[in-house]
Amino acid sequence: MTDYAARARLVERAARSGAAVAEAGFRTDIAVEEKDGKTDVVTQADRDAQREVVSTIRDEFPEDAIVGEEDDELKEVPDSGPAWIIDPIDGTNNYVRGFSVWATSVAAVVDGEPVAAANVLPALDDVYTADDASVALNGDELAVSETSDPERAVACPTIWWPRGRREEYATACREIVERFGDMRRVGCAQAALGMVASGGLEATITNVDANPWDTVAGVHMVRQAGGTVTDLDGERWRHDSIGLVASNGAVHEEALAAAQAVEDVRQG
């Protein structure tokens, strides 16, 4: 088994183990703490799930760098060498409200580029997995939607605009409803990216500086499914890019224009 193959197997096992910990606290009377704002929350389940994921990874790759949302793990992806990127509960606001759309996400990267990823959504019984050749949902290989007419397409504003940037959020919604056939907001960036990979959405956009644990796994899945992911300039997206535009490729120009209009509001 190649090293990449070992990492692909481990991302799924680690994500499943963390998701099991998180699921045990779902829809229970769990304490909620605020981090950097009233809508930026964390629970003990986030911390416990991340520690479970880290422990699972350390059993096989004890020396690898780990980037994680919680605790004292790294917050930036190293440009060289192997690393793991963890979001124990992506969509914590959904989680604490009892909404089922949240994910435990694990990605393996080498020299900053993803080679494998897993997003486990236990409340939906969905598991997205991707290696260096393909992406699957519950074992069935995925491909992006073939829809090319924006007026038949569905798009999603993703990540979260802080309270002081709600004009940008409003612009994102307006741009989507004026350019596309319909809009969704799922409250979980990894789920939104998975939906682009599976064809449930044609595009998802944001102009914010997104964290790697919210994005890298899902971006890898979109690309493995044949989609396109860029920054706000239309250049290939990286873990340190500002903004994110992910699409099936066929409606990417329209999605990019929508994201650029949101950025224009930020720049005034």
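About the cut-offs
- Residues numbered from 1 in each chain as written.
- Predicted model: local features only at pLDDT ≥ 70, side-chain atom pairs only at ≥ 80, totals over all residues.
- Heavy atoms only, no water.
- Axes fitted to C-alpha atoms, helices over the stretch in contact; angles between N-to-C directions.
- Helix = DSSP H or I, 4+ residues; strand = E, 2+ residues; numbered from the N terminus.
- Parallel < 35°, antiparallel > 145°, perpendicular 65-115°, else oblique.
- Left-handed = near helix turned anticlockwise from the far one by under 90°.
- Contact = heavy atoms within 4.5 Å.
- Nonpolar A, V, L, I, M, F, W, Y, C, P; charged D, E, K, R; others polar.
- Phe/Tyr/Trp six-rings, centres within 6.5 Å; stacked < 30°, edge-to-face > 60°.
- Buried < 20%, exposed > 50% of the residue type's maximum accessible area, 1.4 Å probe, protein only.
- UniProt positions renumbered as here; feature names shortened; annotations may be inferred.
- Polar contact = N/O pair within 3.5 Å; in protein donor to acceptor, adjacent residues only side chain to side chain.
- Salt bridge = Lys/Arg side-chain N within 4 Å of Asp/Glu carboxyl O.

Looking at the packing of helix 1 (residues 3-25) against helix 2 (residues 44-60)
Phase 1: Packing of helix 1 against helix 2 leaves a shortest axis separation of 8 Å and a crossing angle of 150 degrees. With respect to helix 2, the axis of helix 1 lies roughly antiparallel. Between helix 1 and helix 2 the crossing geometry is right-handed. Contacts between helix 1 and helix 2 involve Leu 10, Arg 13, Ala 14, Ser 17, Gly 18, Val 21 and Ala 22 from the first element and Asp 48, Ala 49, Glu 52, Val 53, Thr 56, Ile 57 and Glu 60 from the second.
Phase 2: Residues of the contact of helix 1 with helix 2, tallied by class, amount to seven nonpolar, three polar and four charged.

Structural notes on the packing of aromatic side chains
Phase 1: Scanning the entire structure with this criterion turns up six aromatic pairs.
Phase 2: Taking the centre distance of 5.6 Å and the plane angle of 45 degrees together, the rings of Phe 61 and Trp 84 count as tilted. One end of the pair, Phe 61, is in the loop between helix 2 and strand 3 (65-68); the other, Trp 84, is in strand 4 (residues 82-90), and 23 residues separate them in sequence.
Phase 3: Residue Phe 61 is classed as buried on the basis of its relative accessible area, which comes to 13%.
Phase 4: Given the relative accessible area of 0%, Trp 84 is considered buried.
Phase 5: Summarising the aromatic geometry, the rings of Tyr 95 and Trp 102 are spaced 4.9 Å apart at their centres and angled 90 degrees between planes, so their arrangement reads as edge-to-face. For the residue pair Tyr 95 and Trp 102, the accessibility class agrees, reading buried in each case.
Phase 6: Taken together, the ring pairs in this structure connect Phe 26, Tyr 95 and Trp 102 into an aromatic cluster.

Digging into the UniProt feature "binding site: Mg(2+) 1" (unreviewed entry) in the protein
Phase 1: Taking the UniProt record as the reference, the feature "binding site: Mg(2+) 1" (unreviewed entry) is found at Glu 69, Asp 87, Ile 89 and Asp 214. For the residues just named, distributed over 146 residues, the greatest C-alpha separation is only 9.6 Å, placing them together at one site.
Phase 2: Mapped onto the fold, Asp 87 is located in strand 4.
Phase 3: With near-sequence residues (within four places) excluded, Asp 87 lies in contact with Glu 69, Ala 103, Thr 104, Ser 105, Trp 213 and Asp 214.
Phase 4: Separated by 3.4 Å, the side chain of Asp 87 and the backbone nitrogen of Ile 89 make a polar contact.

Things to note about the pattern of salt bridges
Phase 1: In the structure shown here, the tally under the stated rule is 15 salt bridges.
Phase 2: Between Arg 179 and Glu 254 there is a salt bridge; the shortest N-O distance is 3.1 Å. In this pair, Arg 179 is assigned in helix 4 (residues 166-179) and Glu 254 in helix 7 (residues 252-267), connecting sequence segments 75 residues apart.
Phase 3: Judged by its relative accessible area of 26%, Glu 254 falls in the partly exposed class.
Phase 4: Residue Asp 240 is joined to Arg 238 by a salt bridge in which the shortest nitrogen-to-oxygen separation is 3.0 Å.
Phase 5: Taken together, the salt bridges that share partners define one network made up of Asp 3, Arg 7 and Asp 64.

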